[in-house]
Structure formats: structure tokens, C-alpha cells
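# Results of the structural survey
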Amino acid sequence: MIDLEYSYLSLPTTFYQKVKPSSFSKPELLLLNQSLLDELNIPKVNPQEFISFLLNQEATDAVGSFAQAYAGHQFGHFTRLGDGRAIVVGEYVSTGNLRYDLQLKGSGRTPYSRGGDGKATLKSVLREYLMSEAMHALKVQSSRSLAVVKTGEWVQREKPQEGAFLLRLMKSHIRVGTFEYARYFGSTEDQKALMDYTIQRLYPEIKQEENQALALLKKVMLVQIELVVEWMRIGFIHGVMNTDNTSISGETFDYGPCAFMNVYHPKTVFSSIDTQGRYAFGNQPSIIKWNLAKFAESLLPLLHPEPETALQLAQEAIDEFEDIWHKKYYKMMLLKVGIENASPENYSLVNELLAMMKELKLDYTNTFFALSRDQFEEGNPMLDSVEFKNWLENWKSLIHNSTGMAHAQKIMKENNPAFVPRNYLVEEALEKAIEGDFTKFEQLLKVLQNPYQYQENLNHFTLPPPEEFEISYATFCGT
Ligand code: AMP
Ligand code: MG
């Protein structure tokens, strides 16, 4: 039905185990992402044939579905892991020679499942579908969701829930944790094989570099900084930035406990298990730096045969983080206020605005959106703030002396979404959907597919959550 390839199986067998998806008695295709199928040039599929194609994967030595081995630092602690509830069906090569993993998530146990059942609840799968497609529309690099299949069976969680699996797509599922696995559980040959494979697949331009491991480290640092800068732009909190959830391709993935911030505060956290706030909104830059340091450690033997030189090279690369981060972060934040000149003398404009937003407990998305249109609704505490009036004056004069307001507004509208998947809207849509009523889910998905295009009649999707909702809202890893 769809031609698949298996380049990953050219790696040493320590990196995967061949495994077939479970069989399900009554699988039913609930969602199919037709526009993504079109993008990928995949011809129209018949739902039942498509499901059979996904589930009936014959595994021979050379081809067939597999689960990937990896390790990772979870909340700072090193653990051996692997795809416990995910199976790569194969790789699809689209036009332009773009290669994607097609992965099932929730399709049953694998050799890495440990005590888990390898299954996923319908609610968690629908949540990932909605969030990942919203992220893509927000112009943030992300795994994509191709389909949701209800399995027809119940999975045991706190209470029994309907089961489902997701068909997800990524440029590759290789993560920092895959390199940690190679370093701590593989041989030097295994490490080298993983590096060569990764470079060939994701960053072939690196092949010309003299020190390929160093070039890979710097490249991953760059794409991950760019990614987290984008999260900061839209108020996204990943929620579980373990090294096994940090992709080498620079794509956002694993949408378990993620959430969008409403009121601006760097300490905002929603994940029920993140009691220390390790993965809070404002911690994301320092955590990605920490994860990149773990990546650097895992590359040490490849960086240089002399351990001391290797360490020095790794340290020098990681020391560049701060500078790159600041430049990229402030460039992005200044674009949010319509300023293209990202010179350091303008940084204070951003810092002052954020300080006021924190103090006045303002909604992150709506404040930037209001600035983009120079329209603050009546009753906004900004309007009574002398500090804000001064800031506004400064900001306006800076813009008038540079590109002019019309141009600034154009930039702001491209960088400040009107609509983000607010937690209460997502929950409401999911609750109805798992009862079988997809009206709200479809409506929300449609709005989120066009997040920069404000429409008056959709204004209710911009409203901040009811206060009592936000106080008690918590997200779960949601297996
Ligand atoms: P995550 O929090 O999604 O990044 O998952 C962390 C680890 O737990 C991964 O190795 C998963 O494969 C594993 N895992 C999570 N849920 C399940 C499940 N229901 N069954 C088996 N393994 C699971
Ligand atoms: Mg994960």
C-alpha cells in the first residue's frame, strides 16, 4: 500500500528489536490527517486496508517493524529505556528524498515495555494529535499526527478507558537518549555506527567536517536552541524534557504532559509529576542546555581519542550555549514586539515588558496579540499602569524611528498567534470526544490550524481560562 524502507535496521542489532504490533479485534479509524497525506504524496487510502497495512507487519531479518532501544535522564536520573509502547512500522521516503519514521504509539507491548502494557488511552492519543497539529500550524518543528485508530479494547488505568493508537511521523526518532544508550550500553563501534547513521540521515552536510562528532554536537545544539526559542515564543511548556524526549532532529515530540501558559510567569508548570518545577516555562532554556551537556558527554569518545582533549572540546562547545541562546531568544522576543533590530541595547525593552506582565498577571498570548493591534480591551490593568504608559511611549518612538508601525504590526502578526490550544478548551474538547461527540474537537482543531488568522466570530477561543479551572489544572504523562 505504501512503500516503506528500513534504513534503521542497518544499525547494529543492539539499537532495536523486531516486533509486530498487537492484533486488535475491532480497530476503527477515527481520524485521518488527509492534508498531511496529500503533503506526503500518499494516495487515497481505504480505512480498513490502511489499518491492516499498519498492523500486519511481517518481520523478516531485513525488513519489518521494530522498537528502538534508548536510555535517558529522566528528571535528572539515568535510566535504560526503549520504545515500550511504540513501534516503527517503517520509513516513508517522500518527494525531495525526505525520510520519515512512521511510528505507532499505543499498539502493544514490546521487549522494552518493562511493567507497562504498551497501550495508550484514546484521550491521550487525541490530545497528542491535537497538540502536535497545533504546534505545526504555529510554525514550530514538531512530530506530526497522521491517524488515530480506536482499538476496540479497554485499557486499565485509574479506571478503565477506551484504547487507541496514534500513527505519528518524525524525521527521525533518534534522541539524545539514543546516544546515551550507545555510550553506556554499546561498544565504540556501536557509537560510531549511530553517529554515522544519524549524520547520513539528518545532517549529511556534516560528512565533510574534519571532526564530525563536534559538528554534530554543534548542529544539535543549534536546532534545539532554535526549537526551545520557538516554545518560548508561543508560551509552550513541554513538561517532560527528559533527554529521551529531546530529539536529534530538533522536532518537538512526546506531548504527554505539555500545556500552554496563560498568565505569564516563568515558574508556570502544569505537570502533576513535576513537583520541583524542573520543567517550568522559564527553566526550559537551562534544561535544554543540561540535556545538550548530556549529549556532549555521550559523544566524548567520538570527539577525540584523548579523554582530556575530548572533554575540552565538549566544554568549549557547551560554553557557546549562552551566547547563541541570548542572541536567538532576544531576536525572537523583539520580533514579537515588531522590532527587527536585535541589537543588545533593545533587550531591555523585552525584559521590562515581561516584568510588567508578570507583575500584573497578564495573559501571555493575549498581551502580545493586543500589542500587535495596539488594542487593549477596557479594564486591562496595563492601561492604568504609569510604567506601561512609559514603556509604550518608548516602544512607539523606537518603531517610528525605524520601520514604522505598519511594518511592525505586520511582523507582530506573523509572530504572535491569536489562538493557542488553551488547556481548558483542549480538556473540554477531549472530554466530549471520548464520549463520542467530536463537534468541539473538530471546531478547535480547525481554529488551531490557522492560529495567526484572527476572526471576530472566533473571539471566544482567545479567552483566558476560568480562574477556578486554571488553579486546579494538572497534566499527566497520560499513557
Ligand atoms: P514517556 O514519558 O512517554 O517519554 O515514556 C517514558 C518511557 O516509558 C518510555 O520508555 C516509554 O516507552 C515507557 N512507557 C510509557 N508508557 C508505557 C506503557 N503504557 N507501556 C509500556 N511502556 C510505557
Ligand atoms: Mg518519551
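Residues numbered from 1 in each chain as written. Chains lettered and ligands numbered in written order. Predicted model: local features only at pLDDT ≥ 70, side-chain atom pairs only at ≥ 80, totals over all residues. Heavy atoms only, no water.

In total, this model carries 26 salt bridges according to the counting rule given. Aspartate 83 is the partner of arginine 175 in a salt bridge, and the nearest nitrogen-oxygen pair spans 3.7 Å. Taken together, the positions of arginine 175 in the loop between strand 10 (160–170) and helix 4 (176–185) and aspartate 83 in the loop between strand 5 (77–80) and strand 6 (86–94) put the pair 92 residues apart, joining distant regions of the chain. Assigned by exposure class, arginine 175 and aspartate 83 land together as buried. Three or more residues joined by partner-sharing salt bridges are found here, namely Glu5, Glu91, Arg99, Asp101 and Arg201. (Salt bridge = Lys/Arg side-chain N within 4 Å of Asp/Glu carboxyl O. Helix = DSSP H or I, 4+ residues; strand = E, 2+ residues; numbered from the N terminus. Buried < 20%, exposed > 50% of the residue type's maximum accessible area, 1.4 Å probe, protein only.)

In this section: the coordination of the magnesium ion (ligand 2). Note on the magnesium ion (ligand 2): its protein donors are Asn245 (OD1) and Asp254 (OD). The metal-donor distances range over 1.8 to 2.2 Å. We classify asparagine 245 as buried; its relative accessible area is 11%. (Donors = N, O, S within 2.8 Å, 3.2 Å for Na, K, Ca; no water.)

This paragraph deals with the nonpolar core. Judged by nonpolar contacts, the single largest core of 160 residues is most densely connected at Leu353, Trp391, Trp395 and Phe441. With 15 residues, helix 6 (residues 212–234) is the single largest residue contributor to this core. What tryptophan 395 contacts, discounting residues up to four positions off in sequence, is Val337, Ile339, Leu349, Leu371, Met405 and Met412. (Core = buried A, V, L, I, M, F, W, Y, C linked by side-chain atoms within 4.5 Å. Contact = heavy atoms within 4.5 Å.)

Bringing the packing of helix 11 (residues 364–373) against helix 13 (residues 405–415) into the picture now. Relative orientation of the contacting elements helix 11 and helix 13 amounts to 155°, with a least axis distance of 8 Å. Classified by the angle between their axes, helix 11 and helix 13 sit roughly antiparallel to one another. The crossing of helix 11 and helix 13 is left-handed. Residues Leu371, Ser372 and Arg373 of helix 11 form the contact with helix 13, whose own contacting residues are Gln409, Met412 and Lys413. Among the residues making up the contact of helix 11 with helix 13, the classes are represented as 2 nonpolar, 2 polar and 2 charged. (Axes fitted to C-alpha atoms, helices over the stretch in contact; angles between N-to-C directions. Parallel < 35°, antiparallel > 145°, perpendicular 65-115°, else oblique. Left-handed = near helix turned anticlockwise from the far one by under 90°. Nonpolar A, V, L, I, M, F, W, Y, C, P; charged D, E, K, R; others polar.)

With that settled, consider the site of ligand 1. Residues in contact with ligand 1 amount to 18 residues; listed here are only the nearest, Gly82, Gly84, Arg85, Gly118 and Asp254. Separating a nitrogen atom of ligand 1 from a backbone N or O atom of lysine 119 is a distance of 3.4 Å. Side-chain polar atom of asparagine 245 to an oxygen atom of ligand 1: 3.1 Å apart, as the coordinates give it. Relative to its free-state accessible area of 490 Å², ligand 1 is covered by the protein chains to the extent of 86%. Split by domain, the residues of the shell around ligand 1 number at least three in each of domain 1 (7–170) and domain 2 (176–328). (Near = heavy atom within 4 Å. Polar contact = N/O pair within 3.5 Å; in protein donor to acceptor, adjacent residues only side chain to side chain. Areas by Shrake-Rupley, 256 points an atom, 1.4 Å probe, with all protein chains shown as cover. Domains from an automatic or database assignment.)

Moving on to helix 11. Across the 10 residues of helix 11, 8 count as buried, placing the element largely inside the fold. Residues of helix 11 that are buried: Tyr364, Thr365, Thr367, Phe368, Phe369, Ala370, Leu371 and Ser372. Where helix 11 is buried, its residues meet helix 6, helix 9 (321–336), helix 10 (347–359), helix 12 (386–400) and helix 13. Capping of helix 11 at its N-terminal end is provided by aspartate 363; its side-chain oxygen lies 3.3 Å from the backbone amide nitrogen of threonine 365.

Moving on to helix 2 (residues 47–55). Listing the buried residues of helix 2 in full gives Phe50, Ile51, Phe53, Leu54 and Leu55. Tucked inside the fold, the buried residues of helix 2 contact strand 2 (28–32), strand 6, strand 7 (98–105), strand 9 (144–156) and strand 10. The backbone nitrogen of glutamine 48 has a side-chain oxygen 3.0 Å away, supplied by the residue at the start of helix 2, namely asparagine 46.

This part takes up a nonpolar patch on the surface. Among the surface-exposed residues, Phe78, Tyr184 and Phe185 lie close enough to one another that they form a single nonpolar patch of about 260 Å² accessible area. Of note, tyrosine 184 is situated in helix 4. (Patch = residues over 30% accessible without salt bridge, like charges linked within 9 Å, V, L, I, M, F, W, Y side chains within 5 Å.)

The pairing of strand 4 (residues 71–74) with strand 5 spans 4 bridges and is antiparallel. The partner of alanine 71 across the bridge, within strand 5, is arginine 80. The turn linking strand 4 back onto strand 5 is made up of 2 residues, and phenylalanine 75 within it adopts a positive phi angle of 50°. (Pairing = 2+ DSSP bridges.)

A positive phi angle, near 70°, is found at lysine 139, a position not held by glycine. Checked against the element boundaries, lysine 139 lands in the loop between helix 3 (122–137) and strand 9. Accessibility expressed as a relative area gives 58% for lysine 139, which makes it exposed. At lysine 361, a residue that is not glycine, the phi angle is positive and equals roughly 55°. Along the polypeptide, lysine 361 turns up in the loop between helix 10 and helix 11.

On to the domain arrangement of the chain. Taken domain by domain, the chain comprises domain 1 (7–170) and domain 2 (176–328). The C-alpha centroid of domain 2 is placed 23 Å from the C-alpha centroid of domain 1. With 36 residues of domain 1 at the interface, the matching set in domain 2 holds 40 residues. When residues of domain 1 are sorted by the area they lose upon contact with domain 2, His73, Phe75 and Met170 head the list and together hold 21% of the total. Counting every contact that joins domain 1 to domain 2 gives 4 salt bridges. In this structure, arginine 168 and aspartate 254 form a salt bridge, with 3.0 Å as the shortest nitrogen-oxygen distance. Linking domain 1 with domain 2 are 18 residue pairs in polar contact (both at pLDDT 80 or more), by the criterion used here. Secondary-structure elements contributing two or more residues to the side of domain 1 that touches domain 2 are strand 4, strand 5, strand 7, helix 3 and strand 10. Among the elements that line the side of domain 1 that touches domain 2, the one with the most residues is helix 3, at 5 residues. Residues belonging to the side of domain 1 that touches domain 2 are distributed by class as follows: 16 nonpolar, 11 polar and 9 charged. (Buried area = accessible area lost by both parts, 1.4 Å probe.)

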